[in-house]
Amino acid sequence: VARLKLSGNFPCGRISRDNDGQAPWLPGKDFSAWIPLCESFEKSQALTEIDVSECYLGPEALPPLAKAIKFMGAVARLSLSGNMITGSEQVSERRRRVWKYDLDLSGLISLCDALLTLKNPIELDLSNCGLSVNGVNPVAKAISAGAAVASMTLDDNKTIGATGADSLMESICT
């Protein structure tokens, strides 16, 4: 298998925010299928593309994936689009829902560390992941340190702002 597309599935489950079994959903925390799946990636020398977009993956799901990527010789594209990989979530504050961004960067940092080990450039899709400037900084740091990122998609991360854009531009230009 060269390409694996799991988009829209829930390999870690999903959790109802209001505990009523209905949307809105939060990233799941059942890793009983996810960890063995990532371990199977480690053994693959043919897998070039992994699409886990819109799978309700949170920060805790990234370390097993990052570990697998370190062993994969052929991975060229990874899509995490639509997953709150830095723990961004809506919370109640003064009787209204507000977004809190980048509450847990640990998974993204482990992914960025894995990117540094790749021998071949990768296409990385982090669109609509709820990233703010704090979420972009580990990616920019990894690129500055030599991570082989051929292309990166950051669409619909509405709070990256000018500071995050500057950080990315500096990493790309060095």
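This write-up is about the structure you can find in this document.

### Observations regarding the environment of Arg17
- Among the secondary structure elements, Arg17 is positioned in the loop between β2 (14-16) and β3 (25-27).
- Looking at Arg17, the relative accessible area reads 24%, which means it is partly exposed.
- Along the backbone, Arg17 and Glu54 are 37 residues apart, and their C-alpha atoms lie at a distance of 16 Å.
- In contact with Arg17, not counting residues within four places along its chain, are Pro24, Leu26, Gln90 and Arg97.
- At 3.3 Å, the side chain of Arg17 forms a polar contact with the side chain of Asp18.

### Let's talk about the sheet that holds strand β1 (residues 3-5)
- If you walk across this open sheet you meet the five strands as β1-β4-β5-β8-β9, and the pairing is parallel. Each edge of the open sheet carries a strand with a single partner, namely β1 and β9 (149-153). Strand-to-strand twist of the sheet, defined as the mean angle between neighbouring strand axes without regard to direction, takes the value 5°.
- Across three bridges, strand β4 (residues 49-51) lies against strand β5 (residues 77-79) in parallel orientation. Of the residues in β5, the one forming a bridge with Glu49 is Arg77.

Rules behind the numbers
- Going along each chain's sequence as written, the residues are numbered from 1 onward.
- At least 70 in pLDDT is required for a residue's local features to be given in this predicted model, at least 80 for side-chain atom pairs to be given and counted, and no such filter applies to totals for whole chains, interfaces and linings, which use all residues.
- Excluded from the side-chain calculation are hydrogens and water; included are all heavy atoms of the structure.
- We count a stretch as a helix when DSSP gives it H or I for four or more residues in a row; a strand needs E for two or more, and each element gets its number in order from the N terminus.
- Under the scheme applied here, a residue whose accessible area is under 20% of the maximum for its type counts as buried, over 50% as exposed, and between as partly exposed, the area being computed with a 1.4 Å probe on protein chains only.
- The criterion used for residue contact is that any of the two residues' heavy atoms lie within 4.5 Å.
- N or O atoms closer than or at 3.5 Å make up a polar contact, with two conditions inside protein: a donor-capable atom paired with an acceptor-capable one, and, for residues adjacent in sequence, both atoms drawn from side chains.
- Pairing between strands is defined by DSSP: at least two bridges between the two strands are required.
- Lines fitted to C-alpha atoms define the axes here, with helix axes fitted over just the stretch in contact, and angles between the N-to-C directions of these axes take values from 0 to 180 degrees.

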